[in-house]
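What follows is each chain in one-letter form.
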Amino acid sequence: MERNKIRQLRADEIECRVSTVNEKGVTLLLYKEARVDQKILDEAFGIFGWQRSHQSIEGILYCTVSVYDKDTNTWIAKQDVGTTNFAEKEKSQASDSFKRACVNWGIGRELYTAPFIWIPADKVGISQKGDKFYCNDSFSVISIGYSEEREITELRIVNGKGKIVYELKAKGKGQKTLEDQEESQEGHLTRAQMDSLKAELERTGVTMDTVQDRYRIQRPDAMSESDYKKVMAALAKTKSANAA
């Protein structure tokens, strides 16, 4: 199984989605499509070396991705649950659960080490209707770099016209973020931790909604210690909202 190494995502395999919009700018999230998972599974294990199945548990759809280990002649399975949208409930649950199960195999896990991507209003098209702001610009990743720890250290994003709107440059070889493998422990943040988090959100312009969306946190003050460290590490790599 060791020889079946999951590679990192290439720039053209990463999609960008607008997460939040306000009068000052937008934040983006990076994600992958299911077709990318299928391609990488084929590359790593062969078209006959993996399989997927779905199971409904209490009305929630789970996906199991299994790969065949030739050394032990056994199937090894990893499972995860999917979320849904109201437009195409069954399709979205199936796709989301599959993509999440693939993350358990390591496909695209490096996206969780990305900074919070803030693009100021002078680089995007923002419109307003009533009290809501909208952005219809398209964005794509044109280059990406990783550290030996499989963490994102370089990133360039362009808009639909090919103009660079976001750039993260490596600070140096061996740059590290906090360990992603750290075991999550549920708890409550201290007042000092909450103050530090709020200060970083104000500095970067990232909203708490973006943090909760990315890490699927229900209540900010009840996030785990490891999630708090991941959030702060990502914010530390994020430019200030007022930076040119």
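For the structure, see preceding data.
Residues numbered from 1 in each chain as written. Predicted model: local features only at pLDDT ≥ 70, side-chain atom pairs only at ≥ 80, totals over all residues. Heavy atoms only, no water.

Peer 1: Run through unusual backbone geometry, naming residues and quoting values.
Peer 2: One non-glycine residue, E58, lies in positive phi territory at about 55°. Along the chain, E58 falls in the loop between β3 (50-57) and β4 (60-69). On the basis of relative accessible area, E58 is assigned to the exposed category, the value being 82%. A positive phi angle, close to 65°, is found at R150, a residue other than glycine. Following the sequence through the fold, R150 ends up in the loop between β9 (139-146) and β10 (152-159). (Helix = DSSP H or I, 4+ residues; strand = E, 2+ residues; numbered from the N terminus. Buried < 20%, exposed > 50% of the residue type's maximum accessible area, 1.4 Å probe, protein only.)

Peer 1: Provide a residue-level description of helix α1 (residues 34-45), including the pertinent values.
Peer 2: Between its terminal C-alpha atoms α1 stretches 16 Å, which fits the 16 Å expected from 12 residues at 1.5 Å a residue. When we look at burial in α1, the residues that qualify are A34, V36, D37, I40, L41, A44 and F45. Looking straight down α1, one finds its buried side chains confined to an arc of 150°; they lie on one side. At the C-terminal side of α1, G46 shows a positive phi close to 85°. (Expected span 1.5 Å × (residues − 1). Arc of directions from axis to C-beta.)

Peer 1: Run through the packing of helix α3 (residues 191-204) against helix α5 (residues 225-236), naming residues and quoting values.
Peer 2: In contact at an axis separation of 10 Å, α3 and α5 are set at 30° when each is read in the N-to-C sense. Looking at the two axes, α3 sits roughly parallel to α5. Once α3 is placed against α5, the crossing between them reads as left-handed. Across from Q193, S196, L197, E200, L201, R203 and T204 in α3, the residues of α5 making contact are E225, Y228, V231, M232, L235 and A236. Classifying every residue of the contact of α3 with α5 gives 7 nonpolar, 3 polar and 3 charged. (Axes fitted to C-alpha atoms, helices over the stretch in contact; angles between N-to-C directions. Parallel < 35°, antiparallel > 145°, perpendicular 65-115°, else oblique. Left-handed = near helix turned anticlockwise from the far one by under 90°. Contact = heavy atoms within 4.5 Å. Nonpolar A, V, L, I, M, F, W, Y, C, P; charged D, E, K, R; others polar.)

Peer 1: Break down the nonpolar core for me, with residues and values.
Peer 2: Core analysis: the largest hydrophobic core is formed by 37 residues, its most contacted members being L30, I119, F139, L155 and I157. When residues of this core are traced back to their parent elements, those giving at least two are β2 (25-31), α1, β4, α2 (89-104), β6 (117-120), β9, β10 and β11 (164-168). In terms of residue count, α1 provides more of this core than any other element does, 6 residues in total. Discounting chain neighbours no more than four positions away, the residues touching L30 are I14, E15, C16, L111, A114, I117, V141, L155 and I157. In terms of nonpolar packing, the next biggest core, distinct from the first, is built from 16 residues, M194, Y228, V231 and M232 among them. (Core = buried A, V, L, I, M, F, W, Y, C linked by side-chain atoms within 4.5 Å.)

Peer 1: How would you sum up the sheet that holds β3? Please name residues and give values.
Peer 2: With antiparallel pairing, 3 strands are arranged side by side in an open sheet as β3-β4-β5. Either end of the sheet is taken by a strand with one partner, and the two such strands are β3 and β5 (74-81). Going across the sheet, the axis of each strand differs from the next one's by a mean of 25°, ignoring polarity. Direction of pairing for β4 relative to β5: antiparallel, over a ladder of 8 bridges. Paired with D69 across the two strands is T74, which belongs to β5. α1 rests against β3 and β4 of the sheet, and its axis sits at about 135° to β3. (Pairing = 2+ DSSP bridges.)

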